[in-house]
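# A closer look at the structure
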Amino acid sequence: MRNRLPVLIAFIIVCIVVILAFLLRSATDHPPEKVENAQEITRDTRLAAGLKHSLFIDSKGRLWTWGDSRYRNRSSATPVKVADNACVAAAGDASRTSFYIDCNGTLYGWGDSQAGQIGLFSDTPVIEPMPIMSDIRAIAPGYDTPFAIDTSSTLWTWGKPNPSRGEEMPGEETGGNTDEPQKVMDLVKRVSSSATHTLALREDRSLWVWGKNDSGALATGSRIAQNRPYKANIAALESRPVVKLATKNLASFAVTDDGNLYVWGFANASLPGRRYTTLEPKTLPVRVGFVNNVADIVVGEAGALILKKDGSVWAYGIGPVTETVDGNWTKPVHLMDDVVEIATGPRHALALKKDGTVWSWGENDAGQLGDGTTCNRLTPVQVRFPSP
């Protein structure tokens, strides 16, 4: 019995060690609990077209830029790699400003920042990405007035004091440029902003609006400006969830989950076959009848691109993005098929196809089409990425 005691003690010790190791492994096998209501970063915005530049995040999370994005203070007519581990890209259409969110939720920016739009004031371009905020899942560049949504669904803004940032008194811009993000509101799911106004879709499906309203772009049924978030009248959408928002100066667009497109304000190009000068602004959303099965809409300086759920891309309006030069009439043009994402700047556009190739068309004076030239293109050309 005396000889068995050490063996028994050793056996008990081994059992205790095994049990503790099992419990420790079980605890580490489970991921940590997430903060309630926190939303993860998703790689669903991989294309961005800016003023004179373009951005793309490939399937490996590599961020590329071309054109004049101020990156390293050199323009390039073919893509140059900027960063790894990127999940969301965005580009300013008022200046050469670029943003991306890495897959850990950190928002970075580079380019022009005279108004503090990349989180600091600089009279010269910032030529390398610098961190602006953490725990961010969405970014809308605005008109040098960025808006960011964090992982707790709080909306923040900074940069230029456009009407879209908010006013103390209707019609009077107050304050100045700021490089410090300011809280706007909570429970925000999507945001889109122009120089004149902002749309914020909340998690309860309500739409909140503010800014100038001369055209009725706030969907309030009037043309009275709103200097703070105001609940829009979107009864015309019949409670259908909004999946996409878009804005341009004095005009607003929304896509619902059933594939319908709604417009209000000076969204004149939404009515093909009508002369531009005869169209009255809409102060409430109106469903566009000429197109259905819509997945997304992006708007440029004088035209718009529509991505349908079947992967086809349609353009309407005027200018190089739509292959149209007649300023009095609009007619939808079928451009290409097998597309999964679209983007447009003021005067050039991008499309990502199912096979992973990126296509571009429009103006190209800074190499923003990425085809190795500075020649304008009325029809899509393939972006030329460096060989692996």
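Just above sits the structure.
So, a few notes on the structure that sits alongside this text. (Residues numbered from 1 in each chain as written. Predicted model: local features only at pLDDT ≥ 70, side-chain atom pairs only at ≥ 80, totals over all residues. Heavy atoms only, no water.)

## Points about the pattern of salt bridges
The condition is simple: Think of a salt bridge as a Lys or Arg side-chain nitrogen and an Asp or Glu carboxyl oxygen that are within 4 Å of each other. Counting from the N terminus, the helices are the DSSP runs of H or I reaching at least four residues and the strands are the DSSP runs of E reaching at least two. Only protein chains enter the accessibility calculation, which uses a 1.4 Å probe. A residue is then buried if its area is under 20% of the maximum for its type, exposed if over 50%, and partly exposed in between.
If you walk through the whole model with that rule in mind, you get 14 salt bridges. For Glu128, the salt bridge is made with Arg72, and the minimal N-O distance between the two is 3.0 Å. A residue pair is termed long-range when its members are at least 10 positions apart, and Glu128 in strand β8 (residues 122-133) and Arg72 in the loop between β3 (63-67) and β4 (76-83) qualify at 56 residues. What makes Glu128 partly exposed here is its relative accessible area of 35%. With a closest N to O distance of 3.9 Å, Lys212 and Asp214 form a salt bridge. Classification of Asp214 as partly exposed rests on a relative accessible area of 46%. By sharing partners, the salt bridges in this structure join Asp68, Arg70, Arg96 and Asp112 into a single network.

## Some details on the sheet that holds strand β11 (residues 155-159)
The criterion, for reference: Only strands that DSSP links by at least two bridges are regarded as paired with each other. Axis lines are fitted to C-alpha atoms, over the contacting stretch for helices. Their N-to-C directions set the angle, which ranges from 0 to 180 degrees.
Pairing in this open sheet of four strands is antiparallel, and the strands run β9-β10-β11-β12 from one edge to the other. Single-partner strands in this sheet number two, and they are β9 (136-140) and β12 (178-185). Between one strand and the next, the sheet's axes are offset by a mean angle of 25°, whatever the strand orientation.

## Overview of the side chain of Thr256
Operational definition: Two N or O atoms count as a polar contact when they lie within 3.5 Å, although within protein this holds only if one can serve as hydrogen donor and the other as acceptor, and sequence-adjacent residues are included solely when both atoms are side-chain atoms. Whether two residues are in contact is decided by their heavy atoms, any of which lying within 4.5 Å being enough.
With respect to the helices and strands, the residue Thr256 is situated in strand β18 (residues 251-256). A distance of 2.4 Å separates a polar atom in the side chain of Thr256 from a polar atom in the side chain of Asp258. Not counting chain neighbours up to four residues away, the residues in contact with Thr256 comprise Leu237, Arg240, Pro241, Val242, Val243 and Tyr262.

## Topic: the side chain of Lys308
Cut-off, in case you're wondering: Lys and Arg are tallied as positive, Asp and Glu as negative. Neither His nor the chain termini are counted.
Relative to the elements of secondary structure, Lys308 occurs in strand β22 (residues 303-308). In this structure, Lys308 is buried with no salt-bridge partner, the nearest side chain bearing the opposite charge being Asp310 at 5.1 Å. The contact partners of Lys308, leaving out residues within four places of it in the chain, are Val291, Asn292, Asn293, Val294, Ala295 and Trp314.

## Quick notes on the pairing of β18
Within β18, six of the six residues are buried, which leaves it mostly tucked inside the rest of the structure. Here β18 shows two buried faces, one formed by Ala251, Phe253 and Val255 and the other by Ser252, Ala254 and Thr256. One ladder, built from six bridges, connects strand β17 (residues 242-248) with β18; its direction is antiparallel. The partner of Lys244 across the bridge, within β18, is Val255. What sits between β17 and β18 in their antiparallel hairpin is a turn of two residues, with Leu250 showing a positive phi close to 70°. Pairing of β18 with strand β19 (residues 261-265) involves five bridges; the strand directions are antiparallel. Opposite Val255, over in β19, you have Leu261 as the bridge partner. Where β18 folds back on β19, the antiparallel hairpin that results is connected by four residues, among which Gly259 adopts a positive phi of roughly 90°.

## Some remarks on the environment of Ser54
With respect to the secondary-structure elements, Ser54 resides in strand β2 (residues 53-57). Owing to a relative accessible area of 0%, Ser54 belongs among the buried residues under this scheme. It is 5.8 Å that separates the C-alpha atoms of Ser54 and Gln368, two residues lying 314 residues apart in sequence. With residues near it in sequence (within four places) discarded, Ser54 still touches Ala48, Trp64, Thr65, Trp66, His348, Leu350 and Gln368.

## A word on the packing of aromatic side chains
Put simply, the rule is: The rule is short: rings of Phe, Tyr and Trp, with Trp giving its six-membered ring, pair when the centres are within 6.5 Å, and they are stacked under 30 degrees, edge-to-face over 60, tilted in between.
If you walk through the whole model with that rule in mind, you get seven aromatic pairs. Centroid distance Tyr71 to Trp110: 6.0 Å. Interplanar angle 65°. Geometry classified as edge-to-face. On the criterion of sequence distance, the pair formed by Tyr71 in the loop between β3 and β4 and Trp110 in strand β7 (residues 107-113) is long-range, its members being 39 residues apart. Across the pair, exposure class does not vary: Tyr71 and Trp110 are buried alike. Residues Phe290 and Tyr316 carry aromatic rings whose centres are separated by 5.4 Å and whose planes lie at 85° to one another, so their mutual orientation is edge-to-face.

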